[in-house]
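Each chain is listed here by its residues.
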Amino acid sequence: MSEWNSISLKKKLSRRDALGTAARVAIGVVVAGAVAGVGGYLAGSSAVAPPSTVTETVTKTATVGAGATVTKTATVTQTAFKTTTVTKPVTITTTVTKSVGAPPAKPLKIGVIGKSVHPYWSVVDKGSVKAGEELKEAGLDITVTFWVPYKEDVPAQLKTMDSYISEGYSGIAVAPSDPDAIIPVIKKALDAKIPVITIDTDAPKSERLAYLGTDNYKAGMAAGKAMLEALEKMGLAKPGGKIAIATGSLTARNSLERIQGFKDVVEPAGYKCLEPVCDYEDAAKALELAASTLAANPDLVGAFGVYAYNGPAWARAVEEAGKVGKIAIVEFDATKENIEPIKAGIIYATIAQRQYFMGYYGVKLLTLMNQWGWESALKFYIPRYPANKIFDTGVDVVKKENLKEYYEEVTARGEPVDWTPD
Ligand code: BGC
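Residues numbered from 1 in each chain as written. Predicted model: local features only at pLDDT ≥ 70, side-chain atom pairs only at ≥ 80, totals over all residues. Heavy atoms only, no water.

**Quick look at the site of the ligand**
Surrounding the ligand, one finds 13 residues, the nearest of these being Lys115, Trp121, Asp200, Arg258 and Asp333. Take lysine 115: an N or O atom from its side chain is 2.8 Å from an oxygen atom of the ligand. Between the ligand and glutamate 281 there is a distance of 2.9 Å, counted from an oxygen atom to a side-chain nitrogen or oxygen. If the ligand stood free it would expose 310 Å²; the protein chains cover 100% of that surface. (Near = heavy atom within 4 Å. Polar contact = N/O pair within 3.5 Å; in protein donor to acceptor, adjacent residues only side chain to side chain. Areas by Shrake-Rupley, 256 points an atom, 1.4 Å probe, with all protein chains shown as cover.)

**Details of the nonpolar core**
Soluble globular proteins: nonpolar side chains tend toward being buried together. Formed by 52 residues in total, the largest nonpolar core has its most connected members in Met161, Ile172, Ile197 and Ile199. When contributions to this core are tallied by element, the ones reaching two or more residues are strand E3 (108-113), helix H3 (119-137), helix H4 (154-166), strand E5 (171-174), helix H5 (183-191), strand E6 (196-199), helix H11 (355-372) and helix H12 (374-381). The biggest single contributor to this core is H11, with 11 residues. In contact with isoleucine 197, not counting residues within four places along its chain, are Ile172, Ala173, Val174, Leu209, Ala210, Leu212, Gly362, Leu365, Leu366 and Met369. In this structure, Tyr271, Ala286, Ile329 and Ile347 belong to the second largest nonpolar core, which totals 47 residues. (Core = buried A, V, L, I, M, F, W, Y, C linked by side-chain atoms within 4.5 Å. Buried < 20%, exposed > 50% of the residue type's maximum accessible area, 1.4 Å probe, protein only. Helix = DSSP H or I, 4+ residues; strand = E, 2+ residues; numbered from the N terminus. Contact = heavy atoms within 4.5 Å.)

**Examining helix H13 (residues 403-412)**
Burial in H13 covers these residues: Leu403, Tyr406, Glu409 and Val410. Buried residues along H13 cover an arc of 125° about the axis, so they all sit on one side. In this structure, the buried side of H13 is in contact with helix H10 (336-343), strand E13 (349-353) and strand E15 (395-399). Positive phi appears at glycine 414, one or two residues downstream of H13, with a value of about 90°. (Arc of directions from axis to C-beta.)

Right, dumping it as structure tokens:
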């Protein structure tokens, strides 16, 4: 009998499971124990607001090897994030981790597939590397591979995923640029017993086991609200005012949901959104499109940047056109190039994602699935799984006035930051 640390579920393993699991059970506990004190717990994200605190005490019983019984009980308290304001870090209290048994013999290979080369994705990479390091320290033989195409490239994503399947990866976290095109390859991975989750952007029609990332429709609405506020404060509010939208994808669900959420707020307030322009995650093209859109629409009152480099592209184009203060800009993300124009008063607000945790928890979740079995690990991370399959990492709405506060929060949560608030 040993004391283990985690929330978990009452689960009796079958004899077959138990034999297969004998050596692995203990390591699973170490993995679970490594759940950091951060990460949204806003799964489900729809109409119902999440509780601000979630406490669970559960017992796990597993018959291990030659009839030995191991029981663990733990209490986890999580303070959930709010999605629309700067929030306090999550508090998790766990009992002491104590592992029993030997580490698994099988080396683990986890693959993380992103969408383009950008500092946004470097942060996801850092999150996955950190998770890999922690898991190695806990005794696992694990390799984490992070890959992105240069810019939006659906065939390259599919090909990479296919090669991970042939190489026998232990789990894949993917951000599909096309949620329909990815369906067959996700199925192929699952058929090969490789767990797959989506991060950053979902593919709900696929059989992916869960989505871990921003609630993009709600985040788009937050961007719409920030736009209305900016127009009001800048004295640009006017019925029938035109707002331009620039994005990096016309297929990725995160792009479409953000645009929809944004429109659902600004259009009922009387604004007219132009047809979105798309650069397919090519930063140079984003700049060209921002400049040509401004030139073609001298009466624009607002510009919305859907992906990480769209806000900076709008900012530069607006500056070059001598229109600072005459066009309200709202963007997504919080890399240095997003924050500098906020400091300079060119961009009014950004919807900052917490993509570090998409990488971090993506790797942790897939690893735990290999240790505890898919279902148990998913239940550990995702409240109300399987009815709910979404782990919402949350966002922060950042403006010049709360930049310092945001900086403090984000560094306290352990997210890497490449800028300073002053
Ligand atoms: C999106 C990603 C995108 C990145 C860089 C982010 O806002 O969530 O899907 O790849 O911007 O373009």
